[in-house]
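# Overview (structure and organization)
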Amino acid sequence: FVSYILLTRFVEKKMALLASICLTFSWLLIFFSGRILTDIPAAFFILVSFLLFWDGYFLKKGNKYLYLSAVVFLFAVLTRMQSLMVAPVFLAIAILKEKHKFILNKKLWVAFLLFAILMIPQFSLYYSHYGNPFKDIASHYLGIGEKASETLDTRTFSMATFNYIFDIPYILGDWIYYLFFIGIFLFFFDLVLGFDKIFKNEELQKKFFVFFFPACIFLIMGYIGSVSYVEQRYVTSALPFLFLITVYPIVKLGEILEKKQNLNKKISIIIIVGILLILLVPNFMLGNKITEEKKTSYTEVKEAGLWIKENSN
């Protein structure tokens, strides 16, 4: 639902709805919704935060949305510290909207300070138990600093940085990823041709955001990983935008059928949804298959818990 509302800020409701349907059938969400992990809750908070930020800053609906965005982003970071990786997207929106003048925007500084102040308890507790949190973040996520050298966590940009991008066909699922690659050319065609007008054209700014949000996550996660192994759940918050690009060619096909073939709009919608659901069947089946295969993967933990229960108070 949050993905649908967020996507309506960039495209028409029909397209946002179709992308949300794809998200519902995503094998990644089907499988990881059954795992006790922080990725999906963190992704939820990230998307809510960007929705509020877009409404408060870009659409100027009120400062309360901007400040609430900072609080919700705090929830995302406290749920999973790795959520900090999407911070550059906030910066990109500010630069697109105001260029260098965003530095003088008091509302942005209030939102940033609100986030920073609310993070103080977390950093204080971390410091008292484990040491300097900033050094650990730099070492663990960015691979820089003395501690990174000591723990052999140093990283460099390499082909491994693009591993998450190369994994998009698997992340999206069989067959439907073909639509994604077609959608890249169709959706971003105007952006490429009119990039010189991006600071003046809001439609181009919206398309840039749809591009930059997943690109930022994929590249940062690729850099953090710097190995051949990919954890698809780490890019959960990018899925709505990937599926938006994916459904774009189908929507355009529907429009062509309506105009060129004089097809009834309802019939056109039925055809579009039918094609989409057929393409999503492998996705759903993969999610079910992986769930079945992994459903006993915590059996040992369960048995250990039962043993403790039987042999202690």
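In this report, we go over the structure that sits alongside the text. Since this is a predicted model, take the numbers as computed values, not measurements.

## Examining the overall build of the chain
Scanning the chain from N- to C-terminus turns up 17 helices and zero strands. For 313 residues, the compact-globule estimate of 2.2 N^0.38 gives 20 Å, and the chain sits close to it at 22 Å. By principal-axis analysis of the C-alpha atoms, the chain measures approximately 70 × 55 × 40 Å. Burial analysis of the chain (313 residues in total) assigns 45% to the buried set. Long-range contacts, defined here as pairs at least 24 residues apart, represent 72% of the contacts in the chain between residues at least 6 apart. Of the roughly 17700 Å² of accessible surface on the chain, a fraction of 67% belongs to carbon and sulfur atoms. Computed over 31 positive and 22 negative side-chain charges, the separation of the two mean positions in the chain equals 11 Å.

## Examining empty space enclosed by the protein
Taken as a whole and assessed by the stated rule, the structure comprises two cavities of 30 Å³ or more. In this structure, the largest cavity occupies an estimated 80 Å³ of space. Taken together, D39, A42, A43, I46, R80, Q82, S83, M85, R233, Y234, T236 and S237 form the lining of the largest cavity. Taken together, the residues of the lining of the largest cavity break down into five nonpolar, four polar and three charged. Residue lining of the second largest cavity: W54, F58, V89, A92, I93, L96, Q205, F208, F209 and F212, and that is the complete set. Counting residues per element, the ones that place at least two in the lining of the second largest cavity are α4 (39-58), α6 (87-98) and α14 (202-225). Grouping the constituent residues of the lining of the second largest cavity by class yields nine nonpolar, one polar and no charged.

## Quick word on the packing of aromatic side chains
Tallied over the entire structure, the rule returns 35 aromatic pairs. Where F188 meets F211, the ring centres are 5.8 Å apart and the plane angle is 80°; that geometry is what we call edge-to-face. Placement of the pair is F188 in the loop between α12 (176-187) and α13 (189-193) and F211 in helix α14, with a sequence separation of 23 residues. Assessed through its relative accessible area of 8%, F188 is described here as buried. Using a relative accessible area of 41% as the deciding quantity, one classes F211 as partly exposed. Each residue in the set F10, F50, F53, W54, Y57, F58, F73, F90, F115, F209, F213 and F241 is aromatic and connected to the rest through ring pairs, giving one cluster. One cation-aromatic arrangement involves K97 over F58; the distance from NZ or CZ to the ring centre is 4.3 Å. Here the guanidinium or amino end of K99 rests over the ring plane of F199, the centre of that ring lying 5.0 Å away.

## Description of α4
Here α4 is 20 residues long and its end C-alpha atoms lie 27 Å apart, about the 28 Å a rise of 1.5 Å per residue gives. The element α4 is largely enclosed, with a buried count of 16 among its 20 residues. K60 sits one or two positions beyond α4 and adopts a positive phi of about 55°.

## Some points on a nonpolar patch on the surface
On the surface, a cluster of nonpolar side chains totalling about 770 Å² of accessible area is made up of I103, L104, W109, F112, L113, I117 and I120. With respect to the element layout, I120 can be found in helix α7 (residues 106-130). Relative accessible area serves as the criterion here: at 47%, I120 is assigned to the partly exposed category.

About the thresholds
- Residues numbered from 1 in each chain as written.
- Predicted model: local features only at pLDDT ≥ 70, side-chain atom pairs only at ≥ 80, totals over all residues.
- Heavy atoms only, no water.
- Helix = DSSP H or I, 4+ residues; strand = E, 2+ residues; numbered from the N terminus.
- Rg over C-alpha atoms; globule rule 2.2 N^0.38 Å.
- Buried < 20%, exposed > 50% of the residue type's maximum accessible area, 1.4 Å probe, protein only.
- Contact = heavy atoms within 4.5 Å.
- Areas by Shrake-Rupley, 256 points an atom, 1.4 Å probe, with all protein chains shown as cover.
- Lys, Arg positive; Asp, Glu negative; His and termini not counted.
- Charge placed at Lys NZ, Arg CZ, Asp CG, Glu CD.
- 1 Å grid on protein atoms, 1.4 Å probe; cavity = no way out; pocket = protein on both sides within 12 Å on 5 of 7 lines; lining within 4 Å.
- Points joined across faces, edges and corners; volume = space filled by probe spheres on them.
- Nonpolar A, V, L, I, M, F, W, Y, C, P; charged D, E, K, R; others polar.
- Phe/Tyr/Trp six-rings, centres within 6.5 Å; stacked < 30°, edge-to-face > 60°.
- Lys NZ or Arg CZ within 6 Å of the ring centre and 35° of its normal.
- Expected span 1.5 Å × (residues − 1).
- Patch = residues over 30% accessible without salt bridge, like charges linked within 9 Å, V, L, I, M, F, W, Y side chains within 5 Å.
- Salt bridge = Lys/Arg side-chain N within 4 Å of Asp/Glu carboxyl O.

Interpretation in functional terms is not warranted from these geometric data alone.
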